[in-house]
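Take a look at the letters that make up each chain.
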Amino acid sequence: SIGIAAGLILPFALLITDHWTGAAVIALAFSLSSTAIVLRVYQDRRELSRMHGRMALAILVIQDIAVIPFLIAIPLLAAAAPKPDQPADSADASINDATEAAASSSSVLVEFGLAAAVVIGIVIAGRFLMPRLLTIGARSGNAAREILVIMALAFAMAAAVATQLVGVSPALGA
């Protein structure tokens, strides 16, 4: 549903902006719905426990998870966008410009793959490594509470630094 909505919105977004990267960000932003608003409406109507309410909730959760790759993609799309002093569609475009654009697109894909790998690594470490480390910290005696807080903060800081190193928002890592 996200892809279909973004695909339908993209042509209209291209009317607003002159480059595909800005149009892609606009289309992706408008393709998502507000979980808070939809859940409130379903709660008010007492339809959240019905089949269509549960299906809507599942779609909303998937959309919330889909925000993660969008947050990864936005800085990478910004890097691929033309600079203000470079018009997106110049009449004197040459083969060199096309070659540079292709190289820029491939580097965006490589950066996206690297950022996705870092985020997946953070999720895997949070799922499998952190519970074991926190169990060890909990057994440390009187200072267990402080050690657990320090470990959680250290993990969040390391994740934020890792995402920032690959050019993604540190908030995504934390």
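The rules behind each value
Residues numbered from 1 in each chain as written. Predicted model: local features only at pLDDT ≥ 70, side-chain atom pairs only at ≥ 80, totals over all residues. Heavy atoms only, no water. Salt bridge = Lys/Arg side-chain N within 4 Å of Asp/Glu carboxyl O. Helix = DSSP H or I, 4+ residues; strand = E, 2+ residues; numbered from the N terminus. Buried < 20%, exposed > 50% of the residue type's maximum accessible area, 1.4 Å probe, protein only. Patch = residues over 30% accessible without salt bridge, like charges linked within 9 Å, V, L, I, M, F, W, Y side chains within 5 Å. Areas by Shrake-Rupley, 256 points an atom, 1.4 Å probe, with all protein chains shown as cover. Core = buried A, V, L, I, M, F, W, Y, C linked by side-chain atoms within 4.5 Å. Expected span 1.5 Å × (residues − 1). Arc of directions from axis to C-beta. pLDDT = per-residue confidence, 0-100. Contact = heavy atoms within 4.5 Å. Phe/Tyr/Trp six-rings, centres within 6.5 Å; stacked < 30°, edge-to-face > 60°. Lys NZ or Arg CZ within 6 Å of the ring centre and 35° of its normal. Axes fitted to C-alpha atoms, helices over the stretch in contact; angles between N-to-C directions. Parallel < 35°, antiparallel > 145°, perpendicular 65-115°, else oblique. Left-handed = near helix turned anticlockwise from the far one by under 90°.

Trainee: Explain the pattern of salt bridges here, please?
Mentor: When the charged atoms of two side chains with opposite charge come close together, those side chains can pair. All chains considered together, the criterion is met by 1 salt bridge. Taking the shortest distance from any N to any O, the salt bridge between Arg 40 and Asp 44 comes out at 3.6 Å. Taken as a pair, Arg 40 and Asp 44 lie in helix 3 (residues 35-44) at a separation of 4 residues, close to a single helical turn. This pair shows no difference in class: Arg 40 is exposed, exactly as Asp 44 is.

Trainee: For this particular structure, what's the right way to read unusual backbone geometry?
Mentor: Even without being glycine, Arg 46 reaches a positive phi, approximately 55°. For Arg 46, the location among the structural elements is in the loop between helix 3 and helix 4 (51-80). Judged by its relative accessible area of 71%, Arg 46 falls in the exposed class.

Trainee: I keep staring at a nonpolar patch on the surface and nothing clicks. Help me out?
Mentor: Among the surface-exposed residues, Leu 57, Val 61, Ile 65 and Ile 68 lie close enough to one another that they form a single nonpolar patch of about 310 Å² accessible area. Along the chain, Val 61 turns up in helix 4. Of the residues examined, Val 61 reaches a relative accessible area of 40% and is grouped as partly exposed.

Trainee: Sorry if this is basic, but what is going on with the nonpolar core here?
Mentor: General note: in soluble globular proteins, nonpolar side chains tend to be found buried as a group. One finds Ile 72, Ala 115, Val 118, Val 119, Ile 122, Ala 159, Val 166 and Val 168 forming the largest nonpolar core, which totals 8 residues. Here this core takes 4 residues from helix 5 (residues 95-138), the largest share from any one element.

Trainee: So what exactly am I meant to see when it comes to helix 6 (residues 144-165) here?
Mentor: For an α-helix, 3.6 residues make a turn, and residues three or four places apart therefore share a direction. The first and last C-alpha atoms of helix 6 sit 31 Å apart over 22 residues, in line with the 32 Å expected at 1.5 Å per residue. By the burial criterion, the buried members of helix 6 are Ala 144, Ala 159, Ala 160 and Thr 163. The arc enclosing the buried residues of helix 6, seen along the axis, measures out at 145°, which places them on a common side. Every exposed residue of helix 6 that faces more than 90 degrees away from the buried side is listed here: Ile 150, Leu 153, Met 157, Gln 164 and Leu 165. Looking at the residues trailing helix 6, positive phi occurs at Gly 167, about 85°.

Trainee: So what exactly am I meant to see when it comes to the confidence of the model for the protein chain here?
Mentor: Residues shown with low pLDDT carry predicted positions that ought not to be read at fine detail. Averaged over every residue, the pLDDT of the protein chain is 79; residues scoring 70 or more account for 82%. For the protein chain, per-element mean pLDDT is lowest for helix 7 (residues 170-173), which scores 69, and highest for helix 6, which scores 87. Here residues 91-99 is modelled with pLDDT under 50, and outside its nearest four sequence neighbours on either side it reaches 1 contact, counting other chains as well.

Trainee: How do you make sense of helix 1 (residues 2-16) when you look at a structure like this?
Mentor: The end-to-end C-alpha separation of helix 1 is 20 Å, in line with the 21 Å expected for 15 residues at 1.5 Å each. Within helix 1, the full set of buried residues consists of Ile 2, Ala 6 and Ala 13.

Trainee: Can you walk me through the packing of aromatic side chains in this structure?
Mentor: Two aromatic rings, taken as a pair, are described by how far apart their centres are and by the angle between their planes. In total, this model carries 0 aromatic pairs according to the counting rule given. Note that Arg 127 overlies the ring of Phe 128, its terminal NZ or CZ placed 5.4 Å from the centroid.

Trainee: Sorry, what's going on with the packing of helix 1 against helix 2 (residues 20-30) here?
Mentor: Axis angle and axis distance: for two packed helices, these are the angle between their axes and the distance between the axes, and together they describe the pair. The contact between helix 1 and helix 2 brings their axes to 8 Å, and the two run at 135°. Relative to helix 2, helix 1 is oriented oblique. Relative to helix 2, the crossing made by helix 1 is right-handed. Taking contact as the criterion, the partners of Ala 6, Ile 9, Leu 10, Ala 13, Leu 14 and Ile 16 in helix 1 are, on helix 2, Trp 20, Ala 23, Ala 24, Ile 26, Ala 27, Leu 28 and Phe 30.

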